Amino acid sequence: MKNIPVAVQMYTLREESEKDFAGTLKKVAELGFDGVEFAGYGDMSVKEVRALLDELGLKAASSHVSIDELESSLDQVIADQKVLGSSYVVCPYLEEERRTEAAYHKLISFLDEAGEKCRREGITLCYHNHDFELERLSDGRKALEAIFADTQKENVMTELDVYWLAKAGENPVEWIRSYENRSPLVHLKDMTNDEEGFFAELGTGGVDIDSVLNTGEEAGVEWWIVEQDASRRTPFESIEISLKYLSDKLPYLVKS
């Protein structure tokens, strides 16, 4: 069995990070996560963050960087990833004005060009979905399908979010299989079994997380990333429950 490491998306711990970024990373390490996916670096420089990661035994799985920053400061983004030791940078979200058909065409062109530049520097650009990209364009394709069909595989890879796929009525396993060897990062999230479909700790909701995990190795997943956008528990309680679930399913995660 391939030992796919597990990271936590730091957006989950945004309030804790705002108060004490270094202390939050320390707690993440104490819980037993292998790495983190960044959504900003708090009040620290990337050099300081890298030194702290090394001290704590954590890896930088990837970094979420806004589309605006990717457009305006791609060279700096790439340089930051090299300092952090991260191989992946992720376009995480589109504001509503960027979700028109014309805007998607511009996005696709930009992602392909930016991804090529990243690739030349040893960094992989990924695109992270929500549910709105599952709406169809005028040609009948879903916007997310168009993003990956109209960019070069080597330039733009996926960070499929299983919660948002399920929220849109899609089967996450089918999407991961469709993008085999193009899905290095997968966001693991569960969803409550009620009409609200709220964010849930792994194994407590209706998303078939087991099947997702079973598909990961053959699909070329490099990192499982736990994220819970919002929680009815404290964020640390939520991610600890999710990590315990993964440890029960993936014995190699158990650490001495």
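Residues numbered from 1 in each chain as written. Predicted model: local features only at pLDDT ≥ 70, side-chain atom pairs only at ≥ 80, totals over all residues. Heavy atoms only, no water.

With phi around 65 degrees, Asn181 is a residue other than glycine that occupies positive phi space. Turning to its location among the elements, Asn181 is positioned in the loop between α9 (172–178) and β7 (185–188). (Helix = DSSP H or I, 4+ residues; strand = E, 2+ residues; numbered from the N terminus.)

Another aspect to go through is helix α10 (residues 209–219). Within α10 the residues assigned to the buried category are Ile209, Val212, Leu213, Thr215, Gly216 and Ala219. Contact partners of the buried residues in α10: α8 (162–167), α9, β7, β8 (190–191), β10 (223–226) and α11 (235–249). Taken from the residues just after α10, Gly220 is the one with a positive phi, measuring 85 degrees. (Buried < 20%, exposed > 50% of the residue type's maximum accessible area, 1.4 Å probe, protein only. Contact = heavy atoms within 4.5 Å.)

This next bit is on the packing of aromatic side chains. On inspection of all chains with the given rule, the structure shows ten aromatic pairs. Ring centres of Tyr127 and Phe148 lie 6.5 Å apart, and the angle between their planes is 75 degrees; on these two criteria the pair is classed as edge-to-face. Here Tyr127 is found in strand β5 (residues 124–128), whereas its partner Phe148 is found in helix α7 (residues 143–149), with 21 residues between them in sequence. Accessibility expressed as a relative area gives 0% for Tyr127, which makes it buried. Plain terms: the ring middles of Trp164 and Phe199 are 5.8 Å apart, the flat faces sit at 75 degrees to each other, and that makes the pair edge-to-face. Here the residue Trp164 occupies a position in helix α8, and Phe199 occupies one in strand β9 (residues 199–200), the gap between them amounting to 35 residues. The ring of Tyr11 has Arg14 sitting right over it, with the charged end atom 3.9 Å from the ring centre. Just above the ring of Phe132 sits the side chain of Arg99; from NZ or CZ to the centre is 3.7 Å. (Phe/Tyr/Trp six-rings, centres within 6.5 Å; stacked < 30°, edge-to-face > 60°. Lys NZ or Arg CZ within 6 Å of the ring centre and 35° of its normal.)

The next thing to look at is α11. Here α11 is 15 residues long and its end C-alpha atoms lie 21 Å apart, about the 21 Å a rise of 1.5 Å per residue gives. When we look at burial in α11, the residues that qualify are Pro235, Phe236, Ser238, Ile239, Ser242, Leu243, Tyr245, Leu246 and Ser247. Summarising the contacts, the buried residues of α11 are in contact with β1 (6–9), α1 (14–19), α2 (21–31), β7, α10 and β10. (Expected span 1.5 Å × (residues − 1).)

Looking now at the side chain of His187. Along the chain, the position of His187 falls in strand β7. Taking the relative accessible area as the measure of exposure, His187 reaches 0% and is therefore buried. Looking at His187, its side chain comes within polar contact range of the side chain of Glu227, at 2.9 Å. (Polar contact = N/O pair within 3.5 Å; in protein donor to acceptor, adjacent residues only side chain to side chain.)

With that settled, the discussion passes to the state of the cysteines. Taken as a whole and judged by the stated rule, the model has zero disulfides. Cys126 supplies the cysteine sulfur nearest to Cys91, a cysteine that is in no disulfide, at a spacing of 11 Å. Given the relative accessible area of 0%, Cys91 is considered buried. The thiol of Cys118 is not disulfide-bonded; the next cysteine sulfur, from Cys126, is found 9.6 Å away. Using a relative accessible area of 0% as the deciding quantity, one classes Cys118 as buried. (Disulfide = S-S within 2.5 Å.)

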